[in-house]
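# Coordinate inspection notes
Below are the chains, spelled out letter by letter.
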Amino acid sequence: MPAPVSRRLLVCCAALLTCATPGWAAPAADAWPSQPLKIMVGFAAGGANDIVARILAKELQQRLGQSVVVENRGGAGGLIASEVVAKAPKNGCTLLLGSIGSNTVAPVLAKKLSFDPRKDLEPITLVAESGNALLVNAALPYKTVQEMIEAARKAPGSINYASSGNGSTLHLAGALFAQQAGVNLVHVPYRGNGPAITDVSGGQVQAIFSGIPPAITSAKTGQTRILAVTTKQRVKNLPNVPTVAEAGLPGYAFTSWYGLFTTGGTDPAIVERLAQEVRKIMERPEVQAQFEAQGLDPETSDPKSFKQQIDRELTRWSRDVKTMGITAD
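Residues numbered from 1 in each chain as written. Predicted model: local features only at pLDDT ≥ 70, side-chain atom pairs only at ≥ 80, totals over all residues. Heavy atoms only, no water.

## Description of a negative patch on the surface
How we decide: Here, patches come from residues exposed beyond 30% relative accessible area and free of salt bridges, joined within 9 Å for like charges and within 5 Å for nonpolar side chains (Val, Leu, Ile, Met, Phe, Trp, Tyr). Residue exposure ignores everything except the shown protein chains as possible cover, and the areas themselves are Shrake-Rupley values with a 1.4 Å probe. Within this document, salt bridges are pairs made up of a side-chain nitrogen of Lys or Arg and a carboxyl oxygen of Asp or Glu, the two lying within 4 Å of each other. Here the positive residues are Lys and Arg and the negative ones are Asp and Glu; neither His nor the chain ends is included. The location of each charge is read from NZ of Lys, CZ of Arg, CG of Asp or CD of Glu. For helices the rule is a DSSP run of H or I covering at least 4 residues; for strands it is a run of E covering at least 2, with both sets numbered from the N terminus onward. Note on classification: 1.4 Å probe, protein chains only; a residue is buried when its accessible area is under 20% of the maximum for its type, exposed when over 50%, partly exposed between these limits.
A cluster of acidic residues, Glu129, Glu292, Asp297 and Glu299, forms a negative patch on the protein surface. Structurally, the position occupied by Asp297 is in strand 10 (residues 297-298). Asp297 sits in the partly exposed class, given a relative accessible area of 48%.

Shown next, in the form of structure tokens:
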């Protein structure tokens with residue numbers, strides 16, 4: 001006759017079976033994070049990606065009770081940082097502050113990728129949207145967009161513009177401008193918005209389609225000036241600065257986004273938890289004010305819709321970069 005099974009043993013077995021049920025991830029999500037987090041930025045400090053990441057890191061640290069550090073790993077239009085995240089442990093503790101350039105343009109320009117941008121990076125949520133600012137060295141004679149276009153037409157190739165790397169948002173904004181204006185502008189790639197602006201300020205490069213936050217900071221020094229913004233409407237905290245379309249190139253508009261990613265294959269419950277935390281952060285008036293002061297519009301999304309957006313844009317830019325003549329070199 002078999003020995004009776006104790007009630008305690010039955011309860012333990014039931015608990016083990018429950019934890020083994022596929023898709024049951026509540027304990028992992030509830031206990032997460034059990035270690036510090038890192039937000040990778042694919043560009044040098046001082047650029048728009050970096051500014052967004054640092055605001056987010058501070059807020060996430062307070063909400064999650066773990067330290068959150070920002071690490072800048074510039075190069076290859078943001079792909080170096082993306083690769084670090086793509087190959088990190090699938091625990092949601094290594095994040096990426098990405099953007100349209102680094103996550104949907106640079107991957108299609110790369111001759112060889114060591115990771116799959118669709119499978120190895122997990123979209124979490126949008127964080128903000130923004131246009132760019134056409135920033136030029138203050139010593140240059142042209143003070144409007146129309147004057148800059150006329151100068152470029154009179155002397156093709158005489159005006160150069162910096163960017164945060166081939167395929168970056170800054171590169172795209174400049175390439176689109178040159179295409180629509182019918183002018184030849186020389187592209188000079190850097191490893192980030194920050195060092196690129198430094199050289200525009202110093203006169204080594206003439207212009208840059210910068211992220212708005214660092215452009216505002218630079219213009220305050222008097223070494224550079226903002227000619228226009230690339231958005232369809234004027235920017236709230238730059239009410240006296242016209243759009244590119246208003247200032248001399250009708251029909252031109254370029255906006256970009258910033259978003260949070262983690263390693264592909266991370267527990268969906270952790271991804272959703274992160275999306276919810278960011279959503280709560282972006283609902284705070286104090287945080288919204290910080291973003292708006294930098295010329296950024298707070299914007300969030302759920303993981304599924306953000307993933308669909310990434311897929312659409314990867315398909316789009318695979319086609320459009322050829323039309324715009326953008327290359328990785």
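The structure having been displayed, the exposition proceeds.
## Digging into the layout of surface pockets
The condition that has to hold: Both cavities and pockets are sets of points on a 1 Å grid over the protein atoms alone; in a cavity a 1.4 Å probe fits but cannot get out, in a pocket the set is open with protein on both sides within 12 Å along at least five of seven lines, and lining residues sit with an atom within 4 Å of a point. Grid points are joined across faces, edges and corners, and a volume is the space filled by probe spheres set on the points. Gly counts as polar in this scheme, as do all residues outside two lists: the nonpolar Ala, Val, Leu, Ile, Met, Phe, Trp, Tyr, Cys and Pro, and the charged Asp, Glu, Lys and Arg. For the domains described, the bounds stem from an automatic or database domain assignment.
Approximately 420 Å³ is the volume attributed to the largest pocket. Glu129, Ser130, Gly131, Thr255 and Ser256 are, among the 25 residues lining the largest pocket, the residues nearest its centre. Those elements that place two or more of their residues in the lining of the largest pocket are strand 4 (121-137), strand 9 (255-263) and helix 13 (303-323). Ranked by residue count, the leading element in the lining of the largest pocket is helix 13, at five residues. Split into classes, the residues belonging to the lining of the largest pocket amount to eight nonpolar, nine polar and eight charged. Looking at the second largest pocket, its volume works out to about 200 Å³. Gly75, Ala76, Gly77, Asn166 and Ala328 are the residues nearest the centre of the second largest pocket, which is lined by 17 residues in total. Split into classes, the residues belonging to the lining of the second largest pocket amount to nine nonpolar, five polar and three charged. Counting contributing residues per domain, the lining of the second largest pocket is built from domain 1 (37-130 + 256-324) and domain 2 (131-246), each supplying no fewer than three.

## Digging into the domain arrangement of the protein
The figure often quoted for interface size is the accessible area lost as the parts come together. Definition in use: Note on contacts: a residue pair qualifies if any of its non-hydrogen atoms lie within 4.5 Å across the two residues. Each of two parts loses accessible area, computed with a 1.4 Å probe, when they are put together; buried area is these two losses added.
For the protein, the domain assignment lists domain 1 (37-130 + 256-324) and domain 2 (131-246). Opposite the 27 residues of domain 1 that make contact, domain 2 presents 24 residues. Counting each side, the surface lost to burial between domain 1 and domain 2 is near 1,700 Å², with a carbon and sulfur contribution of 60%. A per-residue breakdown of the area domain 1 buries against domain 2 is headed by Phe43, Ser130 and Met324, which together make up 26% of the total.

## Notes on empty space enclosed by the protein
Over the atoms, a rolling probe the size of a water molecule traces out where space has been left empty. What the rule picks out here adds up to one cavity of 30 Å³ or more. Lining the largest cavity are 14 residues, with Phe43, Asn49, Ser164, Thr169 and Leu170 positioned closest to its centre. Going through the elements one at a time, helix 3 (48-64), helix 5 (100-109) and helix 7 (169-181) are the ones with two or more residues in the lining of the largest cavity. Of the residues assigned to the lining of the largest cavity, the class counts are four nonpolar, 10 polar and no charged. In terms of domain composition, the lining of the largest cavity takes at least three residues from each of domain 1 (37-130 + 256-324) and domain 2 (131-246).

## Examining the packing of helix 5 against helix 13
This is how it is decided: Convention adopted: a line fitted to C-alpha atoms gives each axis, helices being fitted over their contacting stretch, and angles between N-to-C directions are expressed from 0 to 180 degrees. For classification purposes, an angle smaller than 35 degrees is called roughly parallel, one larger than 145 roughly antiparallel, one from 65 to 115 roughly perpendicular, and anything else oblique. Should the near helix be turned anticlockwise from the far one by less than a right angle, the crossing is left-handed, and should it be turned clockwise, the crossing is right-handed.
At a minimum axis separation of 9 Å, helix 5 and helix 13 run at an interaxial angle of 50°. Relative to helix 13, the element helix 5 is oriented oblique. Pair helix 5 / helix 13 crosses with right-handed handedness. Between helix 5 and helix 13, the contacting residues are Ile100, Asn103, Thr104, Val105, Pro107, Val108 and Leu109 on the first element and Ile310, Glu313, Leu314, Trp317, Ser318 and Val321 on the second. Taken together, the residues of the contact of helix 5 with helix 13 break down into nine nonpolar, three polar and one charged.

## Focus on the side chain of Thr231
For clarity, the cut-off: By the criterion applied in these results, polar contacts are pairs of N or O atoms within 3.5 Å in which, for protein atoms, one can donate a hydrogen and the other can accept it, and in which residues neighboring in sequence qualify only through two side-chain atoms.
Following the sequence through the fold, Thr231 ends up in the loop between strand 8 (224-229) and helix 10 (244-247). Here the side chain of Thr231 touches Gln233 through a polar contact of 2.6 Å, landing on its backbone oxygen. Ignoring sequence-local partners within four residues, the contact set of Thr231 consists of Gly131, Thr243, Phe254 and Thr255.

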